[in-house]
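Descriptive analysis of the structure
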Amino acid sequence: MPNGNPHTPVSNQPGEHTTVVPEQPILEGPSEGVQGKPTPFTSDGLEQVPGHTRTAFDAAPPETWVAPTAVLPDIGQASFGPPDALETVHGPDDRVQITDTTVYPWRAHASLLITAADNSQWIGTGWFIGPHTLATAGHVVHIKNSGVPGRDGWVKSIQVMPGRNGTALPFGSVTSTNFRSVTGWTDTGDENFDYGAIIIPTELGATTGWFGFGVWPDADLLKTSANISGYPGDQPPGTQWYDGRGISSVNPLKVFYDIDTFGGQSGSAVYRIHNGGRYGIAVHAYGGAVTNSGTRITKAVHDNLLRWKA
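Conventions adopted
Counting restarts for each chain, with residues numbered from 1 along the sequence as it is written. Only residues with pLDDT of at least 70 are given local features in this predicted model, and only at 80 or more are side-chain atom pairs given and counted; all residues enter the totals for whole chains, interfaces and linings. Water and hydrogen atoms play no part in the side-chain values, which are based on all heavy atoms of the structure. Buried residues of nine kinds, namely Ala, Val, Leu, Ile, Met, Phe, Trp, Tyr and Cys, make up a nonpolar core once their side-chain atoms join them within 4.5 Å. Partly exposed residues are those whose accessible area sits between 20% and 50% of the maximum for their type, while under 20% is buried and over 50% is exposed, using a 1.4 Å probe and protein chains only. Here a cavity denotes a set of grid points, spaced 1 Å apart and computed over the protein atoms alone, in which a 1.4 Å probe fits but from which it cannot get out, and a pocket denotes an open set meeting protein on both sides within 12 Å along at least five of seven lines; residues with an atom within 4 Å of a point are reported as lining. Grid points are joined across faces, edges and corners, and a volume is the space filled by probe spheres set on the points. Numbering of helices and strands starts at the N terminus; helices are DSSP runs of H or I of at least 4 residues and strands are runs of E of at least 2. Side-chain classes are defined by residue name, with Ala, Val, Leu, Ile, Met, Phe, Trp, Tyr, Cys and Pro counting as nonpolar, Asp, Glu, Lys and Arg as charged, and the others, Gly among them, as polar. Pairing between strands requires that DSSP locate at least two bridges from one strand to the other. To obtain each axis, a line is fitted to C-alpha atoms, and for helices this fit is confined to the stretch in contact; angles are then taken between N-to-C directions over 0 to 180 degrees. Any two residues having at least one pair of non-hydrogen atoms within 4.5 Å are treated as being in contact. Stacked, tilted and edge-to-face are the three classes applied to pairs of Phe, Tyr and Trp rings, where Trp contributes its six-membered ring and a pair requires centres within 6.5 Å; stacked means planes under 30 degrees apart, edge-to-face means over 60, and tilted covers the rest. Each residue gets a pLDDT score, which is the predictor's confidence in that residue and runs from 0 to 100. Salt bridge criterion: a side-chain nitrogen from Lys or Arg within 4 Å of a carboxyl oxygen from Asp or Glu. Here a polar contact means two N or O atoms within 3.5 Å. Within protein one must be a hydrogen donor candidate and the other an acceptor candidate, and residues neighboring in sequence count only if both atoms are side-chain atoms.

**Looking at the nonpolar core**
The tendency in soluble globular proteins is for nonpolar side chains to be buried side by side. In terms of nonpolar packing, the biggest core is built from 49 residues, with Ile158, Val160 and Ile198 touching the most fellow members. Of all hydrophobic cores here, the second largest spans 13 residues; its members include Ala226, Ile259, Tyr279 and Ile281.

Spelled out as structure tokens, the structure:
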């Protein structure tokens, strides 16, 4: 492992410079994009999502992008195998569908169609952290220990569909072949370092807006409400679903929460609302019998995300 540091950044691009960045501020701010006002949030830091179904957005741009309609497996299964219990619903399902994905923050979440090295296809979720960068799980961009010949390693391509709403792609689609992760994931598959990034060849995030991200002490996180929205595989293909609740526990490298998720939400933002802005605190990646969990945004993770969005 280079330098013995599991947060050493790596890229699928030949010759990509991977020196760890110098010290940076602890908070990196969000952007709400260029269209309209963001949705409201509650006083306790959760998104204000009505429990009833709203009218779905159905106005694609004149140039029509095609959303995939096949039911595909969660990218987590590529590295960890079935079932989708890697990301779970605990007890009653509290998830609510986001029916207007054209407003911030919902448009800053992206449905991902992932093509692995062996041409198998999978689904996941990513979230914009800058005009041309999305954060996601490490296992979304780099498959480990699949046991299938030709599948492991960097994926071949990812189709990024921000604000996807079923077959509607209100902000179009862009395909990336440019990915980042860290040696703690790519070399050893350690779940404590399961995070990465997708670099797109356009500035689409300037339209959708993006999330900030930050590092907070344990005591702050333990009294924080967390939010997760993404594209679960147990719902109609390409529909976005949200849930939120307080943080259950933390350790130095992970955040745990009883927020309902399902396979396909690998890579979703675990975010808090701070001073009116949305800030990622973890990258959703795993489930359990009682809580689901994400890779915590520590100072080392923050520095890599900041460098990848540059």
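**A few points about the layout of surface pockets**
Put simply, the largest pocket is a space of about 170 Å³. Taken together, 16 residues make up the lining of the largest pocket; nearest its centre are Ala70, Ile123, Arg164, Pro237 and Gly238. Looking at the lining of the largest pocket, the elements with two or more residues in it are β4 (109–115) and β5 (121–130). Residue composition of the lining of the largest pocket, by class: nine nonpolar, six polar and one charged.

**Digging into the sheet that holds strand β11 (residues 178–182)**
The sheet built from eight strands is open, its strands ordered β1-β11-β12-β6-β5-β4-β9-β10 with antiparallel pairing. The sheet is open, and its two borders are formed by β1 (9–11) and β10 (174–176), each paired with just one other strand. Between one strand axis and the next, the sheet turns through 30° on average, direction left out of account. Sheet analysis places β1 next to β11, joined by three bridges and oriented antiparallel. Bridging across to β11, Ser11 finds its partner in Arg180. Packing against the sheet, helix α6 (residues 299–309) makes contact with β1, β5, β6 (133–136), β11 and β12 (196–199), and its axis sits at approximately 165° to β11.

**Looking at the packing of aromatic side chains**
Evaluated as defined, the whole model comprises eight aromatic pairs. For the ring pair Trp106 and Tyr242, a centre distance of 5.6 Å and an interplane angle of 70° mean the geometry is edge-to-face. Here Trp106, found in the loop between β3 (96–98) and β4, pairs with Tyr242, found in strand β15 (residues 240–250); they are 136 residues apart in sequence, far enough to count as distant. A relative accessible area of 1% places Trp106 in the buried class. With a relative accessible area of 7%, Tyr242 lands in the buried category. Each residue in the set Tyr104, Trp127, Phe211 and Tyr271 is aromatic and connected to the rest through ring pairs, giving one cluster.

**Comments concerning the confidence of the model for the protein chain**
With 86% of its residues at a pLDDT of 70 or more, the protein chain has an overall mean of 86. Per-residue pLDDT stays below 50 along residues 52–64; that stretch engages in 15 contacts with residues further than four places along the chain or on separate chains.

**Observations concerning the pairing of β4**
Of all the seven residues making up β4, seven are buried; the element is thus mostly covered by neighbouring parts of the structure. Strand direction decides the pairing type here: β4 and β5, joined by seven bridges, are antiparallel. The partner of Ala110 across the bridge, within β5, is Gly126. The antiparallel hairpin formed by β4 and β5 contains five residues in its connecting segment, where Asn119 sits at a positive phi of about 75°.

**Some thoughts on unusual backbone geometry**
Put simply, Tyr104 and Pro105 share a cis peptide bond, and its omega is 10°. Summarising the element assignment, Pro105 is placed in the loop between β3 and β4. The backbone phi angle of Asn119 is positive, close to 75°, even though this residue is not glycine. Exposure remark for Asn119: the relative accessible area of 49% places this residue in the partly exposed category.

**Re the pairing of strand β18 (residues 277–286)**
When you tally the buried positions in β18, you get ten out of ten residues, the bulk of the element. Looking at chain direction, strand β13 (residues 212–214) and β18 are connected through two bridges and run parallel. From the neighbouring strand, Gly212 faces β18, where its bridge partner is Tyr279. Bridging between strand β17 (residues 269–274) and β18 involves six bridges; their strand directions are antiparallel. Opposite Val270, over in β18, you have Ala282 as the bridge partner. In this antiparallel pair of consecutive strands, β17 and β18, the connection spans two residues, and Asn275 shows a positive phi of 50°. Here β18 runs beside strand β19 (residues 292–296); their pairing, made up of four bridges, is antiparallel.

**Considerations on the pattern of salt bridges**
Counted under the stated rule, the structure contains eight salt bridges. In this structure, Arg278 engages Glu47 in a salt bridge whose closest nitrogen and oxygen atoms are separated by 2.7 Å. With Arg278 in strand β18 and Glu47 in the loop between β2 (27–28) and α1 (76–80), this residue pair connects regions lying 231 residues apart in the sequence. On the basis of relative accessibility, which here comes to 4%, the residue Glu47 falls in the buried class.

**Digging into the side chain of His109**
Structurally, the position occupied by His109 is in strand β4. What makes His109 buried here is its relative accessible area of 0%. At 3.4 Å, the side chain of His109 and the backbone oxygen of Ser229 are in polar contact. Here His109 is in contact with Gly126, Met161, Pro162, Gly163, Phe211, Ser229, Tyr231, Gln240 and Tyr271, once residues within four sequence places are set aside.

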